[in-house]
Amino acid sequence: MDASELSKEAEVAGVDPHFEELDAWVSAGVRQVVPIAELAGLFTPVYDQVSAAITQAGAVMVGPAYAEYFAMPEDTVDVEIGFGIAEPTAIDGLNVRQRPATTAVVGTHFGGYDSLDESYAELMPWLESQDVALGDSMFEWYLSEPDEAPENTVTKLVFPLA
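On a predicted model such as this, the values are computed, not experimentally measured, just so you know.

Cut-offs applied
Residues numbered from 1 in each chain as written. Predicted model: local features only at pLDDT ≥ 70, side-chain atom pairs only at ≥ 80, totals over all residues. Heavy atoms only, no water. Helix = DSSP H or I, 4+ residues; strand = E, 2+ residues; numbered from the N terminus. Expected span 1.5 Å × (residues − 1). Bend = angle between axes of the 7 residues up to and from the residue. Buried < 20%, exposed > 50% of the residue type's maximum accessible area, 1.4 Å probe, protein only. Contact = heavy atoms within 4.5 Å. Pairing = 2+ DSSP bridges. Axes fitted to C-alpha atoms, helices over the stretch in contact; angles between N-to-C directions.

## Digging into helix H2 (residues 39-56)
- Its 18 residues place the ends of H2 26 Å apart at the C-alpha level, agreeing with the 26 Å of an ideal helix rising 1.5 Å per residue.
- At Pro-45, H2 shows its largest kink, close to 25°.
- Among the residues of H2, those classed as buried are Leu-39, Leu-42, Phe-43, Val-46, Tyr-47, Val-50, Ala-53 and Ile-54.
- Where the residues of H2 are buried, they touch strand S2 (25-35), strand S3 (61-69), strand S4 (76-85) and strand S7 (138-142).
- Downstream of H2 by a residue or two, Gly-58 has a phi angle that is positive, lying close to 80°.

Here it is as structure tokens:
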């Protein structure tokens, strides 16, 4: 099923909050604290930097691009931006970490990034009603290609449990 088909299903499903078992994976990214106003402009250059470093190191990208958030954004945001890679590999300038298998609360956002707040507004009350302990960070996994039309993009909202 492609992103546009998923987007059409979303009109009925909403964010579909649920628990999901996540496989172990390896991440490679760059962590920065930036003013919230600069966040949107950070993604493309950082993804280009990370992609080039992964390629230069001979590593293989797997899975979707991600952003990991370490606190609720306020005036600044603490974020790591990167990709999954096939196996742990030392890569100059990148944080490479083995992520364990875990259970997470997952929701799905369909549409442009400018409307992500609407999906969070739908997901958060359900998440809070579950009375679970969350990990120290959460992820957005970007399942669409960078050139996908904004209305057809698909983003997973991932809250690993503690």
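Next comes the rest of the account.
## Thoughts on the sheet that holds S3
- As summarised here, the arrangement of the eight strands in space is S1-S6-S8-S7-S3-S4-S2-S5, forming an open sheet in which the pairing is antiparallel. Two strands in the sheet have a free side with no partner beyond their single neighbour: strand S1 (18-22) and strand S5 (95-99). Averaged over all neighbouring strand pairs, the angle between strand axes comes to 35°, with direction disregarded.
- One ladder, built from five bridges, connects S3 with S7; its direction is antiparallel. Counted as the bridge partner of Ala-67 is Glu-140 from S7.
- H2 contacts S2, S3, S4 and S7 of the sheet and is inclined by roughly 35° relative to S4.
- In the packing of helix H3 (residues 116-129) onto the sheet, contacts are made with S1, strand S6 (102-110), S7 and strand S8 (154-160), and the angle to S8 comes to roughly 35°.

Read these as spatial facts, not as claims about activity.
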